[in-house]
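One letter stands for each residue in the lines below.
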Amino acid sequence: PDQARRAALRAARAYTGRSLVVALPSPELPRLRDSLAREAHVEFCEGGGLARLCRTMGESDERIAAIVIEPAPAGGPIYKRFLRKVRELTSAEGAVLIWDESFTDAAEFPDGLQAHYKIKPDLSCLAPLDADRPHRLDGKTEILRHEKPR
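Residues numbered from 1 in each chain as written. Predicted model: local features only at pLDDT ≥ 70, side-chain atom pairs only at ≥ 80, totals over all residues. Heavy atoms only, no water.

J.: I tried to follow the overall build of the chain on my own but got confused; where do I start?
T.: Counting its regular elements, the chain contains 6 helices and 6 strands. Ordered by position from N to C terminus, the α and β elements of the chain give α-β-α-β-α-β-α-β-α-β-β-α. Per-residue burial over the chain gives 45% buried out of 150 residues. Across the chain, every contact between residues at least 6 apart in sequence was considered, and the portion connecting residues at least 24 apart equals 62%. Approximately 8000 Å² of the chain is accessible, and the part contributed by carbon and sulfur atoms is 51%. (Helix = DSSP H or I, 4+ residues; strand = E, 2+ residues; numbered from the N terminus. Buried < 20%, exposed > 50% of the residue type's maximum accessible area, 1.4 Å probe, protein only. Contact = heavy atoms within 4.5 Å. Areas by Shrake-Rupley, 256 points an atom, 1.4 Å probe, with all protein chains shown as cover.)

The following block contains the structure:
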């Protein structure tokens, strides 16, 4: 999952020409925090929901390249509204919305949680449909073409 995640960050940064990434780790799902802790120019926005995210964006000296979120499968209507607002915010700011679905159950959600919530991120890190295959990076072609394999 780390390769797909790093590729998504590279593509978002190259596409926007910006370096700062804001990550929204879930308290229940610390994997996102653990995996991004080693990345440069990543700021974690924990707790406080959308108001905290807007404050983080407003307090930053630089514009944001991407917002990374690990969506939860059990979210209800309030969570879905939150995801929609994050989508609107990234669109308005010209930032890339990355959904890290590396640990989403591919058998239960073969098209990811974006199909479940009917919200389309710009990039998605998806779990493999077959355990023997690598994680996938999917999304907008105009962003993906900026990703340079390493």
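J.: Explanation requested: the pattern of salt bridges in the structure shown.
T.: Side chains bearing opposite charge may pair, as long as their charged atoms lie close to each other. In the structure shown here, the tally under the stated rule is 4 salt bridges. With a shortest N-O distance of 2.3 Å, Asp-100 and Arg-5 are connected by a salt bridge. Placement of the pair is Asp-100 in strand β4 (residues 96-101) and Arg-5 in helix α1 (residues 2-16), with a sequence separation of 95 residues. For the residue pair Asp-100 and Arg-5, the accessibility class agrees, reading buried in each case. Asp-122 serves as the salt-bridge partner of Lys-140, at 2.9 Å between the closest nitrogen and oxygen. (Salt bridge = Lys/Arg side-chain N within 4 Å of Asp/Glu carboxyl O.)

J.: I keep staring at the sheet that holds strand β2 (residues 42-44) and nothing clicks. Help me out?
T.: As a general point, the strands of a sheet are linked pairwise by backbone hydrogen bonds and lie either parallel or antiparallel. Across the sheet, 6 strands lie side by side as β2-β1-β3-β4-β5-β6; this open sheet has mixed pairing. The two strands at the open ends of the sheet, each matched to only one other strand, are β2 and β6 (136-139). Pairwise comparison of adjacent strand axes, ignoring direction, gives a mean angle of 20° for this sheet. Pairing of strand β5 (residues 123-126) with β6, which is carried by 4 bridges, proceeds in the antiparallel orientation. What sits directly across from Cys-125, in β6, is Leu-137. Against the sheet, helix α4 (residues 77-93) engages β1 (20-24), β3 (64-69) and β4, with an angle of about 165° to β3. (Pairing = 2+ DSSP bridges. Axes fitted to C-alpha atoms, helices over the stretch in contact; angles between N-to-C directions.)

J.: I would appreciate a short explanation of the environment of Thr-90 in the present structure.
T.: With respect to the helices and strands, the residue Thr-90 is situated in helix α4. It is 7.6 Å that separates the C-alpha atoms of Thr-90 and Ala-66, two residues lying 24 residues apart in sequence. Excluding its chain neighbours within four sequence positions, the residues that come into contact with Thr-90 are Ile-67, Ala-95 and Leu-97. Among the polar contacts made by the side chain of Thr-90, one reaches the main-chain carbonyl oxygen of Arg-87 at a distance of 2.9 Å. (Polar contact = N/O pair within 3.5 Å; in protein donor to acceptor, adjacent residues only side chain to side chain.)

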